[in-house]
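# Structure assessment
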Amino acid sequence: MPYLIDGHNLIPKIPGLSLEMADDEMQLVQMLQEFCRRQRKQVEVYFDNAPPGQPRARVFGSVRAFFARAGQSADQLIAARLKRLGREARNWSVVSSDHYVQDLAHAARAQALTSEAFAAVLRQALQGAQAAPETRAETPLSPQEVEEWLKLFGGEEEGEQ
């Protein structure tokens, strides 16, 4: 099930991220990219206050980021997206702890998920990503295995120096 995410509502719920950070949106997008890669999901994330001179929409792999222009809000963009989805909205999950956005999701028959709940899902998926390299650590070869490889690939054999 793909996600529509109220980005600035989610950021404060993620340890290590803050709305005061200069690159908070991009850090969230990077986390969502890894989440999408690992979980094979699609995400649309909506932010308030588009940076001047930046495109309103940007694609980062399976993550599409939308930035509301002055006079608009991310909530309004999410509402418009749900309306465009029509009956397909029921196949989407909307992530926000904002009651207005949750009401929009329910009205569109989409699943509503709080930012806190999604942050826990995201954290679990990313912890799996961080643990993966440790599980792939190489185990040292036994002396017998080293001998076997040396014989196979023409290394020095026993007795030769």
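Look up: the structure comes first, before these words.
Attention here is on the structure that accompanies the text. (Residues numbered from 1 in each chain as written. Predicted model: local features only at pLDDT ≥ 70, side-chain atom pairs only at ≥ 80, totals over all residues. Heavy atoms only, no water.)

Here the focus is the sheet that holds strand β1 (residues 3-6). Reading across the sheet, the 6 strands line up as β3-β4-β2-β1-β5-β6 and stay open at both edges, with mixed pairing between neighbours. Looking at strand neighbours, the two that pair on one side only are β3 (57-60) and β6 (111-113), the edges of this open sheet. Direction aside, neighbouring strands of the sheet carry axes that sit 20 degrees apart on average. The pairing of β1 with strand β2 (residues 43-47) spans 4 bridges and is parallel. (Pairing = 2+ DSSP bridges. Helix = DSSP H or I, 4+ residues; strand = E, 2+ residues; numbered from the N terminus. Axes fitted to C-alpha atoms, helices over the stretch in contact; angles between N-to-C directions.)

Tallied over the full model, the rule gives 5 aromatic pairs. Among the aromatic residues, those joined into a ring-pair cluster are Y3, F35 and F118. Here R81 stacks its cationic end above the ring of W92, 5.2 Å away from the centre of that ring. (Phe/Tyr/Trp six-rings, centres within 6.5 Å; stacked < 30°, edge-to-face > 60°. Lys NZ or Arg CZ within 6 Å of the ring centre and 35° of its normal.)

With that settled, consider the nonpolar core. If you look at the biggest cluster of nonpolar residues, it comprises 26 residues, and the most contacted ones within it are I5, L28, L32, V43, V45 and F118. Residue assignment for this core shows that the elements contributing at least two residues are β1, α2 (24-39), β2, β4 (63-67) and α5 (115-135). In this structure V43 touches Y3, I5, L32, F35, C36, S62, V63 and R64, once residues within four positions along its chain are discounted. Grouped together as the second largest cluster of nonpolar side chains are 17 residues, L77, V101, A105 and A110 included. (Core = buried A, V, L, I, M, F, W, Y, C linked by side-chain atoms within 4.5 Å. Buried < 20%, exposed > 50% of the residue type's maximum accessible area, 1.4 Å probe, protein only. Contact = heavy atoms within 4.5 Å.)

The subject of this paragraph is helix α3 (residues 74-85). Residues spaced three or four apart along an α-helix point in a common direction, a consequence of the helix completing one turn every 3.6 residues. With 12 residues, α3 ought to run about 16 Å at 1.5 Å a step, and its terminal C-alpha atoms sit 16 Å apart, in line with that. Taken together, the buried positions of α3 are A74, D75, L77, I78, R81, L82 and L85. In an axial view of α3, the angular spread of the buried residues amounts to 160 degrees, which keeps them on one side of the axis. In α3, the exposed positions angled more than 90 degrees off the buried face are occupied by K83 and R84. Looking at the buried side of α3, the elements it contacts are β1, β2, β4, β5 (93-95) and α4 (99-107). Just downstream of α3, G86 is the residue with a positive phi angle, here 60 degrees. (Expected span 1.5 Å × (residues − 1). Arc of directions from axis to C-beta.)

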